[in-house]
Amino acid sequence: MVQTMPIVENAIKEVCIALVPETMVIADLGCSSGPNTLLFISNVINIIAGQCSKSIGECDPVELQIFLNDLPGNDFNQLFSSLEKLNQGTIVEQVPEELHARNGTLLNKDNIYITKTTPSFVVKCFQEQFHKDFSLFLKLRHEELVYGGKMVLTFVGRKDEDVYNGDMNQLYGLLARSLQSLVAKGLVDKERLEAFYLPLYGPSISEVKEMVLESHMFKLDYIKLVELSWDPYDDTEGDDVHDSVRSGINVSKFVRALLEPLIASHFGETIPDLLFADYACLMSKHLEQEMSKSAFIIMSLKKL
Ligand SMILES: C[S@@+](CC[C@H](N)C(=O)[O-])C[C@H]1O[C@@H](n2cnc3c(N)ncnc32)[C@H](O)[C@@H]1O
C-alpha cells in the first residue's frame, strides 16, 4: 500500500486534469475487508478532495462512486459496517466476482507450483493459464474504463527472467514439502496431492510488458518491481532475519490467509491446522539459512 499509493495518486491527478470529470468511478479489485480497505478509500477521497480544492471555481464537487470487489467469501458485512467509520456518506455497490474452478487434472506430481524438477510442459501450462487470465482481465477492464481512465495494479511477480528462479518457487516448494510430509504420515491422500496445483503465476516485468503491448488496449505509464520480506511484519531494509522462529510463524500465517479456503476445500477442513504448523517449522529452518523476499510488480496503465 505504501509503495502503491503515490502511483495511485499520480493516476488520479492525471485523470482529473485530463478529463475534468463530474463523476469518478473507482474500483478496488481484491479489496479484502481489513483496515487497508478503509485506508485505501480514505486516501482516494483525500486525493480527489485535494485536486478539487486546487481547482475551486473551475469545477463543481466531483461525485464519487467506489466499487469494492473481492471473492464471494470476503466478509463484505464486516466491511460495510466498518465503512461507517469513514463517516463520508459513501454508497457502496457489492459486486463480488466468481472464481471459476478449473478441472484439477494431474499437472504437477507432488508439487503445487513450479520447482526445479517441474517439467517444461507443466511450466508452459502455468504460463498459458496466466496469459489467458491476464489477457481476459485486461480486456474486461478495458471495457469498463472510460478513455483516458487509469488502472493501478499490484500483484506478485518474479525478479529473475528464469521461470525456475523466483521466490514463489521456494515459498510454495516448502508448502509442497509440508503437504508431502502429511502424505507420509497418512493424513493426506497421495492422489489428492497429485491433483492439486496453485492457480497462481509470478510473471517477470518483461512478460507483463509484452502482454500489455500485445493487447493494444493500454499505454503502460509506469512499471516497477519491489521486493518485500516474506515476513509481513518485517519492515526492515536489511537482509537479516532477527528471529527465525517468529518469522516462520508469521510467514506461515500470511500464506495461510492467502490459501486456506483453497487448501481446506481440496484436502479437508482439518488439514490447514496440521499443514501450517508443519510449514511454520520448515519456514523457520529455511529463514535460519537465508532471508527471502517476495517480488511485487506495481504498474499504472492508461486506457487507449
Ligand atoms: C493480497 S490481498 C489484498 C487486499 C487489500 N487490497 C490490501 O491491499 O490489503 C488480495 C485480495 O484479492 C482477492 N482476490 C483474489 N482473487 C480474486 C478474484 N478473482 N476476484 C476478486 N478478488 C480476488 C483476495 O480475496 C484478497 O482479498
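Once a new chain begins, its residue numbering starts again from 1 and follows that chain's sequence as written. Where local features are concerned, this predicted model is filtered to residues with pLDDT of at least 70; where side-chain atom pairs are given and counted, the filter is 80 or more; whole-chain, interface and lining totals use all residues. Heavy atoms throughout the structure, all of them, feed into the side-chain values; hydrogens and water do not.

(A) Inspection of the nonpolar core at higher detail. Here, the term nonpolar core denotes a set of buried Ala, Val, Leu, Ile, Met, Phe, Trp, Tyr and Cys residues that are joined through side-chain atoms within 4.5 Å. Only protein chains enter the calculation, and the probe is 1.4 Å; a residue is then buried if its accessible area is under 20% of its type maximum, exposed if over 50%, and partly exposed in between. If you look at the biggest cluster of nonpolar residues, it comprises 49 residues, and the most contacted ones within it are I112, F134, Y172, L175 and V255. Note on conventions: DSSP H or I runs of at least 4 residues are helices, E runs of at least 2 residues are strands, and numbering of each starts at the N terminus. Mapped by element, the contributors of at least two residues to this core are α4 (120-144), β4 (150-156), α5 (167-184), α7 (205-215), α8 (244-267), α9 (271-289) and β6 (293-303). It is α5 that contributes the most residues to this core, nine residues altogether. Note on definitions: a residue-residue contact is assigned when non-hydrogen atoms from the two residues lie within 4.5 Å. Discounting residues that sit within four places of it in the chain, L175 has contacts with I112, V255, L259, L275, F276 and Y279. Among the nonpolar cores identified, the runner-up in size contains 22 residues, and M5, V8, I12 and C31 belong to it.

(B) Focus on the packing of aromatic side chains. Within 6.5 Å between ring centres, the rings of Phe, Tyr and Trp (the latter by its six-membered ring) count as paired, and their orientation is classed by plane angle as stacked under 30 degrees, edge-to-face over 60, tilted in between. Tallying each qualifying case throughout the model produces ten aromatic pairs. Both rings, one in Y113 and one in Y172, keep their centres 6.0 Å apart while their planes meet at 75 degrees; by these two values the pair is edge-to-face. Taken together, the positions of Y113 in the loop between β3 (92-94) and α4 and Y172 in helix α5 put the pair 59 residues apart, joining distant regions of the chain. Its relative accessible area of 3% is what places Y113 among the buried residues.

(C) Molecular detail of the confidence of the model for the protein. Each residue carries a pLDDT score, the predictor's own confidence in it, on a scale running from 0 to 100. This prediction gives the protein a mean pLDDT of 87; 89% of its residues lie at or above 70. When mean pLDDT is compared element by element in the protein, α9 scores highest at 97, while β3 scores lowest at 31. Note that pLDDT drops below 50 for residues 88-105; the model gives that stretch 33 contacts with residues more than four away or on any other chain.

(D) Geometry of the pairing of β6. Buried residues dominate β6, accounting for nine of its eleven residues. Bridging between strand β5 (residues 218-229) and β6 involves eleven bridges; their strand directions are antiparallel. From the neighbouring strand, F218 faces β6, where its bridge partner is K303. Any two strands between which DSSP finds at least two bridges are classified as paired.

(E) Quick peek at unusual backbone geometry. Of note, V20 is a non-glycine position whose phi angle comes to about 35 degrees, a positive value. Note that V20 resides in the loop between α1 (5-19) and β1 (23-29). Here the phi dihedral of S32 falls at roughly 60 degrees; this positive angle occurs in a residue that is not glycine. Along the chain, S32 turns up in the loop between β1 and α2 (35-54).

(F) A look at the pairing of β1. Only one face of β1 is covered, namely the one carrying M24, I26 and D28; the face carrying T23, V25, A27 and L29 has none of its residues buried. Relative to strand β2 (residues 63-69), β1 runs parallel, the two sharing seven bridges. Note on β2: the bridge partner recorded for A27 is F67.

(G) View of the sheet that holds β6. Spatially, three strands are ordered β4-β6-β5 in an open sheet, and the strand pairing comes out antiparallel. In the strand order of this sheet, the two ends are held by β4 and β5, each with one partner. In this sheet, adjacent strand axes meet at a mean angle of 15 degrees when their direction is disregarded. Axis geometry follows a simple rule: fit a line to the C-alpha atoms, using only the stretch in contact for helices, then measure angles between N-to-C directions, giving values from 0 to 180 degrees. In the packing of α4 onto the sheet, contacts are made with β4, β5 and β6, and the angle to β4 comes to roughly 155 degrees.

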